[in-house]
Amino acid sequence: PSVATLAALALCQSPAQLRAHANWPGVHGGSRRDVLEAVQALLAPDVAVPPRRLLHLVGQAVAYQTQACLHHNTRSTLVSLMKDHRC
């Protein structure tokens, strides 16, 4: 945005006027997600954590626990990462 645009936004009298003038749908319009995606696009891959990385790592940990268990029976045992898995 230009300096003139930012100055005009600073002079708005109310939050509603600011949202209307900025053409901003508000928090529920997905703007936080859009800002996060824009920031992530600017960061180097070795600095930013990719989306769903934690979910992937937890899945790997669960798979490792079950593969390392000599007597694992997938039908009868749920794996939790709260403690080491043992059948």
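Procedures and definitions
Residues numbered from 1 in each chain as written. Predicted model: local features only at pLDDT ≥ 70, side-chain atom pairs only at ≥ 80, totals over all residues. Heavy atoms only, no water. Helix = DSSP H or I, 4+ residues; strand = E, 2+ residues; numbered from the N terminus. Rg over C-alpha atoms; globule rule 2.2 N^0.38 Å. Buried < 20%, exposed > 50% of the residue type's maximum accessible area, 1.4 Å probe, protein only. Areas by Shrake-Rupley, 256 points an atom, 1.4 Å probe, with all protein chains shown as cover. Contact = heavy atoms within 4.5 Å. Patch = residues over 30% accessible without salt bridge, like charges linked within 9 Å, V, L, I, M, F, W, Y side chains within 5 Å. Salt bridge = Lys/Arg side-chain N within 4 Å of Asp/Glu carboxyl O.

### Section: the overall build of the chain
A tally of regular secondary structure across the chain gives four helices and zero strands. Secondary structure of the chain in N-to-C order comes out as α-α-α-α. Its C-alpha atoms give the chain a radius of gyration of 24 Å, clearly above 12 Å, the size a compact globule of 87 residues would have. Dimensions of the chain along its principal axes, counting C-alpha atoms only, are 70 × 30 × 15 Å. Within the span of the chain, comprising 87 residues, buried residues form 9% of the whole. Just so you have it, the chain exposes about 7700 Å², and 61% of that area is on carbon and sulfur atoms.

### Digging into the side chain of glutamine 65
Mapped onto the secondary structure, glutamine 65 falls in helix 4 (residues 53-68). For glutamine 65, a relative accessible area of 16% corresponds to the buried category. Every residue in contact with glutamine 65, bar those within four places of it in the chain, is listed here: Val79, Leu81, Lys83, Asp84 and His85.

### A short note on a nonpolar patch on the surface
A cluster of nonpolar residues, Val35, Val39, Leu43 and Val47, forms a patch on the protein surface that exposes about 340 Å² of accessible area. By secondary structure assignment, the location of leucine 43 is in the loop between helix 3 (31-42) and helix 4. Accessibility expressed as a relative area gives 40% for leucine 43, which makes it partly exposed.

### Observations regarding the pattern of salt bridges
Applying the stated rule across the entire model yields two salt bridges. A salt bridge links aspartate 34 to arginine 33; the nearest nitrogen and oxygen atoms lie 3.5 Å apart. Taking the relative accessible area as the measure of exposure, aspartate 34 reaches 41% and is therefore partly exposed. Overall, arginine 33 belongs to the partly exposed group, its relative accessible area being 48%. We note a salt bridge from arginine 33 to glutamate 37, for which the minimum N-O separation is 3.9 Å. Here arginine 33 pairs with glutamate 37, and both are found in helix 3, just four residues apart, close to one helical turn.

### Considerations on unusual backbone geometry
Of note, asparagine 23 is a non-glycine position whose phi angle comes to about 55 degrees, a positive value. Mapping asparagine 23 onto the fold places it in the loop between helix 2 (15-22) and helix 3. The class for asparagine 23 is exposed, based on a relative accessible area of 68%.

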